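Per-entry structural report
Chain by chain, the residues:
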Amino acid sequence: MAPMGYGATRTLQRVAAALGAVAETPLVFESARDIPQGGVLLALPALLALGLLRHSSELYRLPSGFYGLSSVLVLLALLALARIASLEQVRYVAAGEWGNLLGLDRIPEVRTLREKLKLLCAEAGRAARWNAALAREWIGRQEQATAGLAFYVDGHVRVYHGELSKLPRHYVARERFYMRATVDYWVNALDGQPFCYVNKEVDHGLVQALREDVLPWLRANVPLSAEHQARLAADARVPRFTVVFDREGYSPDLFLELQQERIAALTYHRYPKPDWPTAEFQEQTVQLASGETVRLKLAERQTQLGKRPGLAVREVRKLASDGRQVSIVSTNGLGDAAAQAVSLMARWSQENFFKYMREHFGLDALVQYGTEEIPATVTVLNPAWRELNRQVRSLQAEWKRCRQRQGSTTLNQPLCEPAVRQYEQYQGQLQEQIEQLEARLQELKKQRQATPHQIRVQDLPEQDRFTRLRTERKQFLDTIKMIAYRAETAMAATVREKLARFDDARALLRQIYQTEVDLIPDVDGKTLTVRLHHLTQAAHDAAVRHLCEELTATETAFPGTDLRLVYQLGSA
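Reference entry: report on the structure contained in this document. (Residues numbered from 1 in each chain as written. Predicted model: local features only at pLDDT ≥ 70, side-chain atom pairs only at ≥ 80, totals over all residues. Heavy atoms only, no water.)

A word on the overall build of the protein chain. When you go through the protein chain residue by residue, the secondary structure sums to 17 helices and 18 strands. The principal-axis extent of the C-alpha atoms belonging to the protein chain is close to 115 × 60 × 50 Å. Evaluated residue by residue, the protein chain yields a buried proportion of 49% over its 572 residues. Accessible area of the protein chain: about 28300 Å², with a carbon and sulfur share of 49%. Placing the 73 positive and 67 negative side-chain charges of the protein chain at their respective mean positions leaves the two points 3 Å apart. (Helix = DSSP H or I, 4+ residues; strand = E, 2+ residues; numbered from the N terminus. Buried < 20%, exposed > 50% of the residue type's maximum accessible area, 1.4 Å probe, protein only. Areas by Shrake-Rupley, 256 points an atom, 1.4 Å probe, with all protein chains shown as cover. Lys, Arg positive; Asp, Glu negative; His and termini not counted. Charge placed at Lys NZ, Arg CZ, Asp CG, Glu CD.)

Dropping the structure here:
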């Protein structure tokens with residue numbers, strides 16, 4: 001074993017870096033064959049195009065050392081695509097082989113990577129600023145239809161299994177159980193690609209998260225093109241953008257607030273009125289976000305929501321094959337009923353994103369140990385109020401049962417004085433019990449009304465207090481995972497052009513990432529050829545050849561060098 005670790009061959013450069021003589025070591029590529037998992041290098045042009053290094057140098061700095069900032073960021077993104085979900089798993093990869101992919105002798109040890117991450121994540125909020133700078137670019141590339149941009153907003157419950165903090169319990173739908181967790185509210189495009197998220201250690205629901213976190217972020221970061229500004233000025237019905245969410249965000253008061261800001265809302269009707277006549281529904285051909293064409297039976301009316309007389313919205317209903325009517329409400333006055341229905345029904349793309357990120361990118365992984373204090377302004381449900389509310393609901397249920405017994409009890413025996421006396425005695429006992437319950441219920445309701453519903457975290461009883469998990473490193477790594485997911489999505493769109501099965505694209509890319517490559521540097525010609533070994537099927541090889549041609553055409557230079565990346569298929 002070499003004193004500097006397996007694969008460490010640049011001894012003099014490492015000593016110079018340790019003494020501070022060089023800011024970072026220069027990248028030098030050497031010819032190598034059969035590098036395992038080298039196929040991840042095919043993602044580098046997409047990673048760079050999506051901004052992996054574009055804003056990082058403005059926000060992040062590393063002290064002089066052997067590994068520079070760009071090498072660390074590229075490594076983290078490639079590790080994510082190679083499905084190496086945690087830093088601990090880096091212990092079990094070939095450090096020297098991975099070093100070849102980066103123009104180094106070896107990649108950092110786990111301890112060194114942790115130290116780098118500690119330096120990069122020392123300032124709270126910096127990762128969120130990096131994410132916002134990238135998101136503004138990503139949003140700016142979205143096609144702005146006449147009705148403006150649209151964003152999906154949904155919460156993702158991230159379960160915590162540790163013991164450092166007694167986090168509040170949240171209902172986890174996939175587990176069908178209440179568990180200690182935090183909630184991340186994600187903002188995604190209509191095709192499911194992520195823009196950002198906000199973490200809530202204390203969750204008061206989607207409506208409050210929209211008001212306090214998501215909408216302020218969108219107002220600050222959604223750019224308006226000159227064409228869209230002109231449409232806003234010409235037509236009062238044109239919204240600035242549309243937010244799409246599920247029934248949890250249903251709130252007529254919120255809809256009215258958004259309407260006054262020219263922000264449209266699209267969601268399911270939480271309290272739909274009786275079914276409409278089936279004669280109103282007309283069958284239409286609509287195109288889903290995936291490109292699939294389907295036939296839907298739709299109808300539309302104008303509906304008043306809430307107690308405010310001025311809130312008129314569009315209500316679109318879809319008639320299912322079993323006769324059930326799905327009600328959709330929208331404050332966007334543009335577009336036909338089909339466009340409204342498709343935008344909301346395509347919310348599955350965001351759910352698929354959560355599922356895919358959990359399974360393939362370690363979205364829920366705990367990446368940093370430790371906790372920190374919660375800001376003083378954060379409030380939580382008062383445990384005393386919660387206990388009183390539990391007692392009120394329990395007594396109400398018991399009171400209802402007594403009333404039901406009182407109403408359902410009848411005198412079934414033949415009329416006689418003992419039977420009547422027994423019936424009256426039983427009814428009297430029930431009435432006395434009901435009156436006692438009512439008195440106790442009124443007393444508890446007064447106590448509940450006098451007890452604050454929300455209190456500050458600092459004011460919680462000692463046994464109920466909790467801290468929040470550290471979030472900066474999680475936000476930093478999740479931003480890299482967003483870039484990696486978007487890069488994979490862009491590559492999937494390219495390979496789909498040559499695939500017969502639409503759904504095979506991501507599986508093919510995962511196979512590519514695990515495939516060996518040969519590296520052939522040409523210093524004189526200023527090229528770095530990445531030659532991917534053949535895959536398992538001729539059809540897949542054809543798709544990969546097409547991908548290699550497209551990637552080579554980008555003329556991407558490997559960061560930190562003047563070597564242009566050339567991609568080929570075919571083993572030596």
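Now for the packing of aromatic side chains. Inspection of every chain in the model, using the stated rule, returns 19 aromatic pairs. Seen in terms of ring centroids, Phe353 and Phe354 are 5.8 Å apart; in terms of plane orientation they differ by 55°. Their pairing is tilted. Since its relative accessible area comes to 3%, Phe354 is described here as buried. Ring centres of Phe361 and Tyr485 lie 6.5 Å apart, and the angle between their planes is 75°; this geometry places the pair in the edge-to-face category. Within this pair, whereas Phe361 is found in the loop between α12 (348-360) and β12 (371-372), its partner Tyr485 is found in helix α15 (residues 472-495), the two being separated by 124 residues in sequence. For the residue pair Phe361 and Tyr485, the accessibility class agrees, reading buried in each case. Grouped by ring-pair contacts, the aromatic residues Trp186, Tyr197, Phe353, Phe354, Tyr356, Phe361 and Tyr485 constitute a single cluster. The ring centre of Phe502 lies 4.1 Å from the NZ or CZ of Arg496, which sits over that ring. (Phe/Tyr/Trp six-rings, centres within 6.5 Å; stacked < 30°, edge-to-face > 60°. Lys NZ or Arg CZ within 6 Å of the ring centre and 35° of its normal.)

Summed over the entire model, instances satisfying the criterion amount to 27 salt bridges. Between Arg158 and Asp184 there is a salt bridge; the shortest N-O distance is 3.0 Å. Linking Arg158 in strand β2 (residues 149-159) with Asp184 in strand β4 (residues 177-188), this pair joins segments that are 26 residues apart in sequence. Using a relative accessible area of 10% as the deciding quantity, one classes Arg158 as buried. The shortest N-O distance in the salt bridge between Arg314 and Glu300 comes to 2.6 Å. (Salt bridge = Lys/Arg side-chain N within 4 Å of Asp/Glu carboxyl O.)

Moving on, we come to the environment of Arg237. The topology assignment puts Arg237 in the loop between α9 (226-234) and β6 (241-244). Setting aside anything within four residues of it in sequence, one finds Arg237 in contact with Arg262, Asn332, Gly333 and Leu334. (Contact = heavy atoms within 4.5 Å.)

Strand order in the open sheet formed by four strands is β1-β16-β17-β18, and the pairing between neighbours is mixed. At either margin of the open sheet sits one strand with a lone partner, and together these are β1 (32-35) and β18 (564-569). Ignoring which end each strand starts from, the neighbouring axes of this sheet average 20° apart. Bridge analysis of strand β17 (residues 527-532) against β18 gives six bridges, and the strand direction is parallel. Paired with Thr529 across the two strands is Val566, which belongs to β18. Of the strands in this sheet, β1 and β16 (517-522) are in contact with helix α5 (residues 95-102), which crosses β1 at around 120°. Relative to the sheet, helix α17 (residues 538-553) contacts β17 and β18, its axis offset from that of β18 by approximately 165°. (Pairing = 2+ DSSP bridges. Axes fitted to C-alpha atoms, helices over the stretch in contact; angles between N-to-C directions.)

What follows concerns the nonpolar core. Of all hydrophobic cores here, the largest spans 132 residues; its most connected members are Leu42, Leu47, Trp98, Leu218 and Phe476. Those residues within four positions of Leu47 in sequence are excluded, and the remaining contacts are Leu52, Ala77, Leu78, Leu81, Ile483, Ala484 and Ala487. (Core = buried A, V, L, I, M, F, W, Y, C linked by side-chain atoms within 4.5 Å.)

A residue is classified by how much of its surface remains accessible, and Tyr485, at 6% relative accessible area, is buried. Taking the C-alpha atoms as reference, Tyr485 lies 8.4 Å from Pro194; in sequence the two are 291 residues apart. Leave out the neighbours within four places in its chain, and Tyr485 touches Gly192, Gln193, Pro194, Phe353, Tyr356, Met357, Phe361 and Arg506.

Quick look at the side chain of Asp541 now. When you line up the elements, Asp541 lands in helix α17. At 4.8 Å, Arg545 is the nearest oppositely charged side chain to Asp541, a buried residue that forms no salt bridge. At 2.9 Å, the side chain of Asp541 and the backbone nitrogen of Leu535 are in polar contact. Those residues in contact with Asp541 that lie beyond four places of it in its chain are His534, Leu535 and Leu569. (Polar contact = N/O pair within 3.5 Å; in protein donor to acceptor, adjacent residues only side chain to side chain.)

Let's shift gears to unusual backbone geometry. Most peptide bonds take the trans form, and the phi angle of most residues other than glycine is negative. Non-glycine residue Asp34 carries a positive phi angle of around 55°. Inspection of the secondary structure assignment puts Asp34 in strand β1.

Let us now look at α12. Compared with an ideal rise of 1.5 Å per residue, which puts 13 residues at 18 Å, α12 spans 18 Å between its outermost C-alpha atoms and is within 8% of the ideal. Every buried residue belonging to α12 is among Ser349, Gln350, Phe353, Phe354, Tyr356, Met357 and His360, and all of these are buried. Looking at the residues trailing α12, positive phi occurs at Gly362, about 60°. (Expected span 1.5 Å × (residues − 1).)

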